[in-house]
Amino acid sequence: MPGYVINGRKTLTGRVKISGAKNSALKIMAAAILADGLVTLRNVPDIEDVNTMVEVLRTLNVRLDFDKNNNILEIDPSMINSYEAPYELVRKMRASVLVAGPLLTKFGKVKVAIPGGCNIGARQIDIHLKGFEELGAKNYIEHGYINCSADIKKIKTSGKANLKGAIINLDFPSRGATENLMMAAVMAEGHTVINNAACEKEIVDLANFLSTLGAEIEGGGTDSIKITGVSKLGSGSTDYTIMPDSIEAGTFIAAAALCGKKVEVQDAVWNNIEIFCQKIKEIGIDISPAGGRTVVVSRPKKVLKPVNISTLPYPGFPTDLQPVIAVLLSVVPGLSIITENVFENRFMYVEELNRMGANIKIDGHHAVINGVKMLSGAPVKAFDLRAGAAMVLAGLVAEGTTEVYDIQHIQRGYENFHSKLRVLGADISVV
Ligand code: EPZ
């Protein structure tokens, strides 16, 4: 498996451009199934998870052409001929389960492998399934697959059945459930309201894409999304540009906070990660927006201050940036406490960070961080995508050499990660 070798303590400076958002692109690719005509997506990041979603769609006989140099993905869903998402791909990437909503809409039925949990938690989809049932579908589990269909009798007689609009109250503002149910409701008969919906900016991006296809949808980005079913979507061709990746932006902002001298993070939209930027400012880092889509960051000479963090669904502190801000707090003098409220097991990286000299104790959902003067390089592992990025940041600020293993996790979600860091002055290479 590939790894990174990092020689730490280099100053980062200059400009880095953030790529398209992984957690928007994957859903909009799935939503393209709903279109009758060609869909052109721009600013699609060239990352492993996008390649996996391309594979998933190809197994459904969707035709795709990914121009990786220009980040343009052409999707032709007109020949789609299957409603089954295969086990090996859903196992590889749980976001594959997001083809369920569009396939249920397209065919009136879907067969999707039960997505496994992952390192950070059980990652259930009960909220998705409950919502599908409220839209009139029937779910049953067989041989590791979830079978879900609208009125099976109607399908037998007329070959197709539509879902019926409903008022759905989510038990938890699950992003995946909100997205899957939006895609299941856009062609359902009548009106649907999704209450206690997730409000992340990636939900707004999906709602905007669905509207571009002709869906009648309002309230995307609020906790109550209203949808009126339509009979056709995406006739003619559709052209859509994916939003920039807020989590990649936060990752580079944290890297600059650790070792930066005037780093310009381009396509970092301050108000998409407002609370994260506020916390970075509270710690004492020089950070400010420059125009609508750039954030400038420098590590000042002065002593930094500890802060407490509680992760929550948007607009709360994003759980995906919890590991990276923990690295920054691990070298800030004083006591900082991080509380992880979204996932049950998102502190796996702490053990690796402590092997680099950090002083962090886990107490249930809390990480109690006593800042140390300096981390020291060591061989460490990437346990998942964001934990892996955190280990790279730790290597950048540590004294000596750090080897990060299992970087395939990182390559799932960061486009040209080490090349972008090298351009800023980091001493990092792939082995
Ligand atoms: C999305 O996952 C992101 N992934 C995750 O990013 C992110 O951490 C997460 O949202 C939270 O912000 C993608 O968008 C591909 P949820 P998702 O449904 O949709 C529980 C990354 O690093 N839950 O909001 O799966 C679930 O177990 C990844 O890019 C249920 O119990 O998140 C979790 O504890 C990691 N039942 C919590 O809700 C359900 O039916 C949040 O899940 C659904 C979710």
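Located above this text is the structure these notes cover.
What you see is a predicted model; the values in this text were computed from it and never measured.

Visitor: Would you explain the overall build of the protein in this entry?
Guide: Looking only at helices and strands, the protein has 15 helices and 24 strands in total. A compact globule built from 431 residues would reach a C-alpha radius of gyration of about 22 Å, and the protein, at 22 Å, matches this within 12%. Relative to its full complement of 431 residues, the protein shows a buried share of 58%. Carbon and sulfur atoms provide 51% of the accessible area of the protein, an area that totals close to 16,600 Å². A gap of 3 Å separates the mean positions of the 46 positive and 45 negative side-chain charges of the protein.

Visitor: Got a minute to help me understand the nonpolar core in this structure?
Guide: Nonpolar side chains tend toward joint burial in soluble globular proteins. Among the nonpolar cores identified, the biggest contains 81 residues, and Leu41, Met182 and Leu210 are the most heavily contacted of them. Setting aside its immediate chain neighbours within four residues, Met182 contacts Ile194, Ile203, Leu206, Ala207, Leu210, Ile217, Ile225 and Ile227. Counting residues in each nonpolar core, the second largest holds 76 residues, with Val16, Cys277, Ile285 and Val392 among its members.

Visitor: Is there a simple way to think about the pairing of strand β23 (residues 401–405) in this case?
Guide: Two faces make up the sheet, and in a regular strand the side chains alternate between them. Residues Thr402 and Val404 line the buried face of β23, whereas the alternating positions Thr401, Glu403 and Tyr405 sit on a face that is not buried. In the sheet, strand β1 (residues 4–7) pairs with β23 via four bridges, with the strands oriented antiparallel. When the sheet's bridge partners are listed, Asn7 is paired in β23 with Thr401. With three bridges connecting them, strand β22 (residues 379–381) and β23 associate as parallel partners. Residue pairing in the sheet places Val380 in a bridge with Val404 of β23. One crossover worth recording links β22 to the parallel β23 by way of helix α13 (residues 385–397), and it is right-handed.

Visitor: For this particular structure, what's the right way to read the side chain of Glu340?
Guide: Inspection of the secondary structure assignment puts Glu340 in the loop between β19 (335–339) and α12 (348–354). Arg346 provides the closest opposite charge to the buried, salt-bridge-free Glu340, at an N-O distance of 5.3 Å. A polar atom in the side chain of Glu340 sits 3.0 Å from the side chain of Gln322. One polar contact links the side chain of Glu340 to the main-chain amide nitrogen of Val342, over a distance of 2.9 Å.

Visitor: Honestly, the site of the ligand in this entry has me stumped. Any pointers?
Guide: The immediate surroundings of the ligand are formed by 24 residues, with Lys27, Asp126, Ile127, Ser174 and Asp320 found nearest. Between the ligand and Ser174 there is a distance of 2.7 Å, counted from an oxygen atom to a side-chain nitrogen or oxygen. A distance of 2.6 Å separates an oxygen atom of the ligand from a polar atom in the side chain of Asp320. In isolation the ligand has 820 Å² of accessible area, and contact with the protein removes 88% of it. A class-by-class count of the residues in the shell around the ligand yields eight nonpolar, six polar and 10 charged. Composition of the shell around the ligand by domain shows at least three residues from each of domain 1 (4–19 + 244–430) and domain 2 (22–241).

Visitor: In this structure, what is going on with the pattern of salt bridges? I would like to understand it.
Guide: Working definition: two side chains of opposite charge can pair if their charged atoms are close together. Enumeration over the complete set of coordinates arrives at 20 salt bridges. One salt bridge in this structure joins Lys17 and Asp267, with 2.6 Å as the shortest N-O distance. Of this pair, Lys17 sits in strand β2 (residues 12–17) while Asp267 sits in the loop between β15 (260–266) and α10 (274–283), placing them 250 residues apart in sequence. Since its relative accessible area comes to 46%, Lys17 is described here as partly exposed. Residue class for Asp267 comes out buried when judged on its relative accessible area of 14%. Bridged by salt links that share partners, the residues Lys17, Asp267 and Arg293 form one connected network.

Visitor: Could you clarify how one ought to interpret the packing of aromatic side chains in this entry?
Guide: What describes a pair of aromatic rings is the distance from one ring centre to the other and the angle between the planes of the rings. Per the counting criterion, the structure on display carries five aromatic pairs. Look at Tyr83 and Phe107: their rings are 5.9 Å apart centre to centre, the planes differ by 55°, and that puts the pair in the tilted class. Pair noted here: Tyr83 is in the loop between β5 (72–76) and β6 (84–85) and Phe107 is in helix α4 (residues 100–107), with a separation of 24 residues, a long-range link. The partly exposed category is assigned to Phe107, whose relative accessible area is 21%. Here a set of aromatic residues connected by ring pairs shows up, and it is made of Phe252, Tyr414 and Phe417. We note Lys111 situated over the ring of Tyr145; from NZ or CZ to the ring centre the distance is 4.9 Å.

So, how was this worked out
Residues numbered from 1 in each chain as written. Predicted model: local features only at pLDDT ≥ 70, side-chain atom pairs only at ≥ 80, totals over all residues. Heavy atoms only, no water. Helix = DSSP H or I, 4+ residues; strand = E, 2+ residues; numbered from the N terminus. Rg over C-alpha atoms; globule rule 2.2 N^0.38 Å. Buried < 20%, exposed > 50% of the residue type's maximum accessible area, 1.4 Å probe, protein only. Areas by Shrake-Rupley, 256 points an atom, 1.4 Å probe, with all protein chains shown as cover. Lys, Arg positive; Asp, Glu negative; His and termini not counted. Charge placed at Lys NZ, Arg CZ, Asp CG, Glu CD. Core = buried A, V, L, I, M, F, W, Y, C linked by side-chain atoms within 4.5 Å. Contact = heavy atoms within 4.5 Å. Pairing = 2+ DSSP bridges. Right-handed = clockwise from strand over helix to strand, strands pointing away. Salt bridge = Lys/Arg side-chain N within 4 Å of Asp/Glu carboxyl O. Polar contact = N/O pair within 3.5 Å; in protein donor to acceptor, adjacent residues only side chain to side chain. Near = heavy atom within 4 Å. Nonpolar A, V, L, I, M, F, W, Y, C, P; charged D, E, K, R; others polar. Domains from an automatic or database assignment. Phe/Tyr/Trp six-rings, centres within 6.5 Å; stacked < 30°, edge-to-face > 60°. Lys NZ or Arg CZ within 6 Å of the ring centre and 35° of its normal.

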